[in-house]
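# Residue-level structural notes
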Amino acid sequence: MKLKTLCGILGIGAMSLTAPAQENILRDSLAYFDHLKKLEKYTPITKQEIQSDTTRFKMINSGLKEDIDKIYIIDKKDFPQGSEHGHAHVYEKILCLRKDYTNRIVFHELGHNRHLSLKNINSDLTEKWKKVANFEYGGHNFYYSKDKFKEVELPIGTPTWKGKTFGPKNGCLHPTAGESIDEDIACFVECLGYEETPE
C-alpha cells in the first residue's frame, strides 16, 4: 500500500508528516517542485564528503552513512513550511537541513533513510517493531498545542499527546512517534544525536 493511500485512510495531513509520507504527498504539490527549484542554488555535501567528514558529520556511524548520498544545508527561507529543521528525501537518499539544525535532527532523518533501506532488502524490522510496540499508530494520538502549558513553557505548536502531556508514553519516546512506525523508529534513532539528556 502506498504511503499516500495510508495517509488518506488515517486522515493525516501532509504538513504534520515527515520523511516518506510527507515526501509522497509533497511530490504531488507545487510546494515540492518549488523546494526542488530552491535546492538548485545550493551545493550539496556529497557521499564522498560525508564518508570522509571528520568535522560536521563525524558523529554519524558508517551504517547510517550508507543510506545517504547528499546533504543540503539551506536557509530557513528556502525550507518548506511545516518541515521543522530537517527532512529526508528518502527515495533519493538526500537530507535537507536548515542551517540551524541539531545533531538529533540529523539522526532522526537518517533513521527514516535507514528504515526505508531495510524495507528495500525485505528486512523484518517493521513487523518485529509492530509486534513489540503493540500500539495503534495514527494522527489521533497527538496534536499540536494551541496554548502554552501552565507547568512548562512550551511554544505553541509543540506536538503533545492527547491530555496535554509531552514526554514518553505508551512505549513511544515522543508524541509524533505515535503517528506511525516510520516516526517511531526515527524518534528512537534520534536519541543517538542528543547532546544532553532531554527533559
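For clarity, every value in this text was computed on a predicted model and none was experimentally measured.

So, how was this worked out
Residues numbered from 1 in each chain as written. Predicted model: local features only at pLDDT ≥ 70, side-chain atom pairs only at ≥ 80, totals over all residues. Heavy atoms only, no water. pLDDT = per-residue confidence, 0-100. Helix = DSSP H or I, 4+ residues; strand = E, 2+ residues; numbered from the N terminus. Buried < 20%, exposed > 50% of the residue type's maximum accessible area, 1.4 Å probe, protein only. Salt bridge = Lys/Arg side-chain N within 4 Å of Asp/Glu carboxyl O. Pairing = 2+ DSSP bridges.

To continue, consider the confidence of the model for the chain. Parts of the model with low pLDDT should not have their predicted coordinates read in detail. Counting all residues, the mean pLDDT for the chain is 79, and 78% of those residues have values of 70 or more. The least confident element of the chain is helix 1 (residues 3-10), whose mean pLDDT is 35; the most confident is strand 2 (residues 70-74), at 94.

Glancing now at unusual backbone geometry. The phi dihedral of Lys-93 is positive, around 60°, even though this residue is not glycine. Within the secondary structure, Lys-93 is located in the loop between strand 3 (86-89) and strand 4 (94-98). Judged by relative accessible area, Lys-93 falls into the partly exposed class, the value being 30%.

Here the structure, examined in full by the defined rule, presents 13 salt bridges. The shortest N-O distance in the salt bridge between Asp-67 and Arg-114 comes to 2.8 Å. Placement of Asp-67 in the loop between helix 5 (62-65) and strand 2 and of Arg-114 in helix 6 (residues 103-120) is noted, with a sequence separation of 47 residues between them. For Asp-67, a relative accessible area of 3% puts it in the buried group. Judged by its relative accessible area of 26%, Arg-114 is partly exposed. Of the charged contacts in the structure, one is a salt bridge between Asp-100 and Arg-98, with a shortest N-O distance of 2.8 Å. Owing to a relative accessible area of 39%, Asp-100 belongs among the partly exposed residues under this scheme. A single network of salt bridges, built from pairs that share partners, joins Lys-41, Lys-77 and Asp-78.

Let us now look at the environment of Leu-39. Along the chain, the position of Leu-39 falls in helix 3 (residues 30-39). Expressed as a C-alpha distance, the spacing of Leu-39 and Ile-74, which sit 35 residues apart in the sequence, is 7.8 Å.

Counting buried positions over the five residues of strand 4 gives five, a clear majority of the element. Residues Ile-94, Cys-96 and Arg-98 line one face of strand 4 and the alternating positions Leu-95 and Leu-97 line the opposite face, and both faces are buried. The pairing of strand 3 with strand 4 spans four bridges and is classified as antiparallel. Directly across from His-87, in strand 4, lies its bridge partner Cys-96. Connecting strand 3 to the next strand, strand 4, in antiparallel fashion are four residues, including Lys-93 with a positive phi near 60°.

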